[in-house]
Every structure is written in structure tokens, then in C-alpha cells.
Amino acid sequence: MTAEAASDSRQRVLLVTGLLGAGKTTVLKVLEDLGWETIDNFPMRLLGQLVGPSGRKSGEARPALAIGFDSRTRGFDPNRIIEQVKTLSDRTDLEVTTLFLDCSGQELERRYNETRRRHPLASDLPASAGIAAERELLEPLRRWADIVIVTTPFTSNQLQQVVRERFATLTDQQLTVTVSSFGFSRGMPPVADLVFDMRFLDNPHWDPALRPLTGRDAAVGDYVSRDPAFAEAFARIRDLILLLLPRYQAQGKAYVHVAFGCTGGRHRSVFVAEQMAQVLRDAGFSPTLLHRNLGSRAADLVEGGAA
């Protein structure tokens, strides 16, 4: 086995700690969404038992593990924790990383005032006293940590984005994209993020030769494509979708549904959805393509509103 392969087979273990109120819970929730196994408020004296002994079988994959702990844990001893981490870091089957979340005292005081919670180390003293005591207690861990994130300027959403950028793999970050067609006459799709109305295009329904066909047939595609408005409109919609999908992805959105509608859901919307799905495939996405009303009969009364 090569050194690279051995590294890839190691279990990722991320120890998440820091000042209370600095964002540990938010970080662990994001990691859980990314597929990590997460444990919060873990008693670190049991760390060795949790990770288990070394010597697992070669090639045996174990999920990435994120362990949250802080100064509230009984018998909390930063120096002893560092010694435990050093021991684990020497193992060839583990990739151990320590993440420390820091934050300014002023911002932490503001957060405590907003939540109306007492600082666990302050007792009857102001929150600032507890924050100062905790900062002194945790200083050895802060110096030891592999990664320090200062969350003072971050909103919760911004912190989530930082965590995704640092700890998500390419597989974790992939969007699940659905492209669908539908007929407005049979109701809007119940869940769609982007909806485009294709009823401004010439309707193939009114050509007797095209009426029994669908947007998957070449003749219908040629008819729709010849509409003077089609090329420019499609190009603008394409550019908008390709602009938005990476932005949705960066914000942690897991699912995006793009829907195209026409009157009956059999011709224009089907053709445009097919074309857009191919554009997304060419751009590196793997869209699911759905045609809600493709099997519906072509009805003159339904299409009559677009005559």
C-alpha cells in the first residue's frame, strides 16, 4: 500500500472546542450535515475508549468523527487532554485535528445578554468574569490547536459557510439538482426553487401534426427553437441558473429544483427542461429530469387559454 493510500484510509477525528458561546454547536451541526458522526459535550477522559484500539484491518473504512467538548466537562484538564491527543496523533490509522473556536470577550458578552444565560464559570459574577476565567483555562488548548477560527465577525450562516469550505469533501458539496416540466393548467409544482414560465413561446399544440407529439420529439424541438424569442431567453435563463447553483451550494443548500412550465406540460416546457438538463450535465452537475404532465392527454380546452 502506498503512503497516499494509507493516508486516505485513516479515520478523520476532529476535536472541536473553544470558548462557550463561540459557535461549537453550530460547527457540529454543519459537520453532521456533511456526513460526520458528531458527539457533543463528550467527557474527554473517555476519548481513548470512544476511538477504540489501533490495529483495525487494512482498508476498513470508518466514518469521520467530530467530538465536541468544553470547560463544563467534569474534571476538565487542558494539559491532560493535550497528552491524550498526542497519543492518538501517533497512530497510523487516525488523522487527528484539533479545532479551537475563539471570540472576543465583548462579542461573547453580547451573546450572553441576548440569550439571558449565565456563564457557567461566572456564578454570581458578571459574564465578563467567567469569560476571562475560561480564556485563561483554555489557553493551552488554543496554543495547541491545529486550526483556530475567530468567530467574532461571523453570523451563524457565515460560520457555517467557513466550516463547509474547510471540512467538506467534493462529494459532500455536491448539489442534488432536479429539473422538471409541468403544465400550469394542472397546478404549480408544490416545491420548486426556480420556476420559469415558457408560455411566451409559440405553442406547438396548434399545429395538428405536432399536437400528438411531445417536447422530446425533434419536430417539436425544431418548432420551439424557431421562435424568435427562444434563443435569447434560453441563454439568459441558462446563465442565471449557472450563476445561482454555485451560490446555493456555497450557502449549504442541499437540494435545488428548477421547474419549467407551459400550458399543458407536454411541449414547450418539456423541450426546455430537456435542453437545460443537458446544459447542467455539460457544466458538471448530475440533474434528475422529471416531466410531471408528459403523459397527460393534449386537450383543446386546456390549451385554449394560450390560443
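Quick summary incoming for the structure in this document. (Residues numbered from 1 in each chain as written. Predicted model: local features only at pLDDT ≥ 70, side-chain atom pairs only at ≥ 80, totals over all residues. Heavy atoms only, no water.)

1. A word on the packing of helix 10 (residues 230-250) against helix 11 (residues 268-282)
Helix 11 packs onto helix 10 with a crossing angle of 45° between their chain directions and a minimal axis gap of 11 Å. One finds that helix 10 runs oblique with respect to helix 11. As helix 10 packs across helix 11, the resulting crossing turns out to be right-handed. Each of Phe230, Phe234, Ile237, Arg238, Ile241, Leu242 and Leu245 in helix 10 lies in contact with helix 11, whose residues at this interface are Phe271, Val272, Gln275, Met276, Val279 and Leu280. (Axes fitted to C-alpha atoms, helices over the stretch in contact; angles between N-to-C directions. Helix = DSSP H or I, 4+ residues; strand = E, 2+ residues; numbered from the N terminus. Parallel < 35°, antiparallel > 145°, perpendicular 65-115°, else oblique. Left-handed = near helix turned anticlockwise from the far one by under 90°. Contact = heavy atoms within 4.5 Å.)

2. A look at the side chain of Arg268
Its place among the elements puts Arg268 in helix 11. By relative accessible area, Arg268 is classed as buried at 1%. At 3.2 Å, the side chain of Arg268 and the side chain of Thr263 are in polar contact. (Buried < 20%, exposed > 50% of the residue type's maximum accessible area, 1.4 Å probe, protein only. Polar contact = N/O pair within 3.5 Å; in protein donor to acceptor, adjacent residues only side chain to side chain.)

3. Things to note about helix 11
Given a rise of 1.5 Å per residue, 15 residues ought to cover 21 Å, and the 22 Å separating the end C-alpha atoms of helix 11 matches this to within 8%. Count one or two residues on from helix 11 and you reach Gly284, which has phi positive near 100°. (Expected span 1.5 Å × (residues − 1).)

4. Overview of helix 4 (residues 78-89)
The terminal C-alpha atoms of helix 4, which comprises twelve residues, lie 16 Å apart, in line with the 16 Å expected from a rise of 1.5 Å per residue. Among the residues making up helix 4, those that are buried are Pro78, Ile81, Ile82, Val85 and Leu88. When helix 4 is viewed along its axis, its buried side chains cluster within an angular range of 120° and face the same direction. Along helix 4, the residues that are exposed and aim more than 90 degrees away from the buried face are Arg80 and Thr87. At its buried positions, helix 4 is contacted by strand 1 (11-18), helix 3 (47-51), strand 4 (94-102) and helix 6 (127-144). Capping the start of helix 4 is the job of one residue whose side-chain oxygen sits 3.2 Å from the backbone nitrogen of Asn79: Asp77. (Arc of directions from axis to C-beta.)

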